[in-house]
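Examination of the molecular architecture
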Amino acid sequence: MSLQVISSGELTQRCKLSDGRLVDIEIDNAGLEITVAVVDGPKLGSIELQNTGSGHYYLTRMYLDQDGGAFKKCGIGRQALKFHNESFGCLFTAAPNDGHRREDASHLTGDARGFIEKMRDEGLVLRSDPYL
């Protein structure tokens, strides 16, 4: 599925999925949370970040499947990170896929392993994490 940005404000984007469904991506003023919701519908989830102070944001939690997964693999997570990068000018770091649980819940589980690897391949998430 592909995703098309149909409107964009300072910290809000509306996107249309290839099947016509609409979602809103909203970033808080500090850049520490990206929220995704169906237009006129439920919240799908959010991406929680920490500002590392070194020009990167560390992904601590990411879940966009509160609807049961009907919006997974639609490009929403990628677009949310791209929009944040355009808005704040910083790339992301993430925990390594090493199987260790982290107290801050930033360990990779489920689809996050593959997603983070794709984002590393695309250059949105850095391969080495100076924050860890």
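Remember, predicted model here, so these are calculated numbers, not experimental data. (Residues numbered from 1 in each chain as written. Predicted model: local features only at pLDDT ≥ 70, side-chain atom pairs only at ≥ 80, totals over all residues. Heavy atoms only, no water.)

Observations concerning the overall build of the protein chain
For the protein chain, the helix and strand inventory stands at 2 helices and 7 strands. When burial is assessed residue by residue, the protein chain has 37% of its 132 residues classed as buried. Sequence-distant contacts, at least 24 apart, represent 48% of the contacts inside the protein chain between residues at least 6 apart. For the protein chain, the accessible surface area stands at approximately 7100 Å², while carbon and sulfur atoms represent 45% of it. (Helix = DSSP H or I, 4+ residues; strand = E, 2+ residues; numbered from the N terminus. Buried < 20%, exposed > 50% of the residue type's maximum accessible area, 1.4 Å probe, protein only. Contact = heavy atoms within 4.5 Å. Areas by Shrake-Rupley, 256 points an atom, 1.4 Å probe, with all protein chains shown as cover.)

Some thoughts on the side chain of Gln79
Position of Gln79 relative to the elements: it lies in helix 1 (residues 76-88). Residue class for Gln79 comes out buried when judged on its relative accessible area of 10%. A distance of 2.8 Å separates the side chain of Gln79 from the side chain of Gln13, its partner in a polar contact. Leaving out residues up to four positions away in the same chain, Gln79 has contacts with Leu3, Val5, Gln13, Cys15 and Ile25. (Polar contact = N/O pair within 3.5 Å; in protein donor to acceptor, adjacent residues only side chain to side chain.)

Looking at the nonpolar core
Ranked by size, the top nonpolar core spans 29 residues in total, and within it Ile34, Leu59, Ile76, Leu81 and Val125 carry the most contacts. Those elements that provide at least two residues to this core are strand 2 (12-17), strand 3 (22-27), strand 4 (33-38), strand 5 (43-51), strand 6 (56-63), helix 1 and helix 2 (112-122). Broken down by element, the residue count for this core peaks at 4 residues, all from helix 1. Not counting chain neighbours up to four residues away, the residues in contact with Val125 comprise Leu59, Leu81, Phe92, Thr93, Ala94, Ile116, Met119 and Arg120. (Core = buried A, V, L, I, M, F, W, Y, C linked by side-chain atoms within 4.5 Å.)

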